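Read off the chains here:
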Amino acid sequence: MTFQEFKFHPDVAAGITVAGYATPTPIQAQAIPAVMAGRDVMGLAQTGTGKTAAFALPILHRLQPGPRGKVRALVVAPTRELAEQINEAFAAYGKQTRLTSTTIYGGVGNNPQVAALRRGVDIVVACPGRLLDHIGQGTIDLSKLEVLVLDEADQMFDMGFLPDIRRILKAVPKTRQTLLFSATMPEAIRGLAGETLTSPVTVQVDRVAPAVTVSHALYPVDQHLKTALLLGLLKHTDTESVLVFTRTKHRAKRLDEQLQKAGFRAASLQGNLSQNRRQAALDGFRDGSFQILVATDIAARGIDVSQISHVINYDIPDTPEAYIHRIGRTGRAARSGDAFTLVTGEDTAMVRAIEKVLGKPVERRRLEGFDYTVPAPRKDSEFARPPRQPVARRPKPAAAASTPEAEAAKPASSRRRFKRNGARSGNDR
Ligand code: AMP
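Residues numbered from 1 in each chain as written. Predicted model: local features only at pLDDT ≥ 70, side-chain atom pairs only at ≥ 80, totals over all residues. Heavy atoms only, no water.

The next point concerns the pairing of strand β5 (residues 147–150). Going residue by residue along β5, you find V147 and V149 tucked away on one face and L148 and L150 tucked away on the opposite face as well. When strand β2 (residues 73–76) meets β5, the two strands line up parallel, connected through 4 bridges. Bridge assignment links A73 to a residue of β5, and that residue is V147. Direction of pairing for β5 relative to strand β6 (residues 177–182): parallel, over a ladder of 4 bridges. Considered in β6, the bridge of V147 is made with Q177. (Buried < 20%, exposed > 50% of the residue type's maximum accessible area, 1.4 Å probe, protein only. Helix = DSSP H or I, 4+ residues; strand = E, 2+ residues; numbered from the N terminus. Pairing = 2+ DSSP bridges.)

This paragraph deals with helix α12 (residues 275–287). If you check α12, its first and last C-alpha atoms are 18 Å apart, about what 13 residues at 1.5 Å a residue would give, namely 18 Å. Restricting attention to buried positions, one finds in α12 the residues Q275, R278, Q279, A281, L282, G284 and F285. Immediately downstream of α12, the backbone of G288 shows phi near 90 degrees, a positive value. (Expected span 1.5 Å × (residues − 1).)

Next up on the list: the environment of L179. Looking at the secondary structure, you find L179 in strand β6. For L179, a relative accessible area of 0% translates into the label buried. On a C-alpha basis, the gap between L179 and V35 in space is 8.0 Å, while along the polypeptide they are 144 residues apart. Aside from chain neighbours lying at most four places away, what touches L179 is V35, R39, V41, F55, I59, V147, L148, V149 and L150. (Contact = heavy atoms within 4.5 Å.)

In this section: the packing of aromatic side chains. If you walk through the whole model with that rule in mind, you get 8 aromatic pairs. Between F3 and F6 the ring centres are 6.0 Å apart and the planes differ by 65 degrees, which places this aromatic pair in the edge-to-face class. Each member of the pair, F3 as well as F6, carries the same accessibility label: buried. Aromatic ring contacts, followed pair by pair, group F3, F6, F8, Y21 and Y93 into a single cluster. Between K226 and the ring centre of Y314, over which it is positioned, the NZ or CZ distance is 5.3 Å. (Phe/Tyr/Trp six-rings, centres within 6.5 Å; stacked < 30°, edge-to-face > 60°. Lys NZ or Arg CZ within 6 Å of the ring centre and 35° of its normal.)

Our focus in this paragraph is the sheet that holds β5. One open sheet holds the 7 strands; their spatial order is β3-β4-β2-β5-β6-β1-β7, and the pairing between them is parallel. Of all strands in the sheet, those with a lone pairing partner are β3 (101–104) and β7 (201–204), marking the two edges. With strand direction ignored, the average angle separating the axes of adjacent strands in the sheet is 15 degrees. By the bridge criterion, 4 bridges tie β2 to strand β4 (residues 123–126) in an arrangement that is parallel. Its bridge partner lying in β4, V76 is registered against A126. Taken strand by strand, helix α2 (residues 26–36) contacts β1 (41–44), β6 and β7, and its axis lies near 165 degrees from that of β7. Along the sheet, helix α4 (residues 80–93) makes contact with β2, β3 and β4, crossing β3 at roughly 175 degrees. (Axes fitted to C-alpha atoms, helices over the stretch in contact; angles between N-to-C directions.)

A few words on the pattern of salt bridges. Under the defined criterion, the tally for this structure stands at 18 salt bridges. Of the charged contacts in the structure, one is a salt bridge between K226 and D315, with a shortest N-O distance of 2.8 Å. With K226 in helix α10 (residues 226–236) and D315 in the loop between β12 (310–313) and α14 (320–327), the pair connects residues that are 89 residues apart, well separated along the chain. The salt bridge partner of R251 is D315, with a shortest N-O separation of 2.7 Å. Taken together, the residues span a long stretch of sequence, with R251 in helix α11 (residues 249–261) and D315 in the loop between β12 and α14 at a distance of 64 residues. Note on accessibility: R251 and D315 belong to one class, buried. (Salt bridge = Lys/Arg side-chain N within 4 Å of Asp/Glu carboxyl O.)

A separate point is the side chain of T102. Of note, T102 is situated in strand β3. The class of T102 is buried, set by a relative accessible area of 14%. Residue contacts for T102: discarding those within four places in its chain leaves N87, A116, V121, I123, V124 and V125.

Residues at a pLDDT of 70 or more form 82% of the protein, whose mean pLDDT is 84. Low pLDDT, under 50, characterises residues 207–211; the predicted model gives this stretch 17 contacts beyond four residues in sequence or across chains. In the model, residues 386–429 has pLDDT below 50 throughout and makes 76 contacts with residues more than four positions away in sequence or in other chains. (pLDDT = per-residue confidence, 0-100.)

Once that is clear, we can look at the packing of helix α6 (residues 128–137) against helix α8 (residues 162–170). At a minimum axis separation of 10 Å, α6 and α8 run at an interaxial angle of 35 degrees. Here α6 runs over α8; the crossing is left-handed. Across from P128, G129, L131, L132 and I135 in α6, the residues of α8 making contact are D164, I165, R167 and I168. Residues of the contact of α6 with α8, tallied by class, amount to 6 nonpolar, 1 polar and 2 charged. (Left-handed = near helix turned anticlockwise from the far one by under 90°. Nonpolar A, V, L, I, M, F, W, Y, C, P; charged D, E, K, R; others polar.)

Below, the structure is given as structure tokens:
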């Protein structure tokens, strides 16, 4: 199949040529005709499959003939990084179309967003919290909306955005085309799809199967040796660009510092950074000035760095789905990549769950020459889990939340929950 077969408006076709895409990816081949036909679409696809172009190209095609300066397409996405990425995709594919797009998310000034909306824009890519603020203030007019995209719906659900999504749905015209993309299909998303989509065409690419080009390996290790093993792996592996995942933002920051101390060009991406510093970390990773980016699941959501050669799970993720999301960052667009996971004795159940999803056991590896027998320091190293204590004797929650140890000691359920204030763009982890 070729892109010519879709018969895109020549200005959109020009954007595809500039992007250098020769053949549509499977999600594009399935979704583009349905979106162009004006159908609602339920797209089951993980990041890295080309799903952004699968909705962006037909949206540009649809909007091209119409008036300018009214919000006619709205994309709602869980994180600022993903919103920026989608906006960049619209800008790149739509260069010849003279259609304009802008982003709306929290953590940055409101005024430039208001000014951009006032000047008039055709496409808005937004995170739910700030979008609702604009809706509440009357600074965005959605009355001319034709297409609504809910991207990474499962992630928005995980981040507690479902009530916000429902409020957004109330604020947009009833007659519209709706596209919902999700990597997984939990019950809540199935329900949301049932409420929002009209006779949708369902397109599905590799439901939770990882990119085939990724090879997986587990590195069993004691908790206190994780950093040393990671340094050893980085020294002995031929890596181009490495994305390292930690369980919490504190651990991401700490590990980034340790990697830099060891001489690596590293940066971290976590919720405590200002938007400028986040962007600098991302840009530096993209252009190769940083070889290693340490991130949490939330902060790394949707990162599109096509040349990522290795994903290393310093901490195993909370769910098999999160594992698939993480390793979806490597082996993108049919490149090959490696996914390494450092595992401790406590991770056995999660390893089993991941292997079940992958449909096969994952190879266990040992790093040649690494001394696995070094005992834990008497005074626990910063990344070692503290001994479990009865709840009553724990320090006050506010104090506990400020240390990586305390973060690590929290039950997964409590770590997963989001603060509603100040975390609307979902960058807690
Ligand atoms: P996405 O899943 O939208 O994040 O896209 C993943 C990556 O695939 C991005 O780097 C896109 O630029 C790239 N991509 C999207 N469509 C194609 C295509 N048809 N051919 C080659 N690369 C593509």
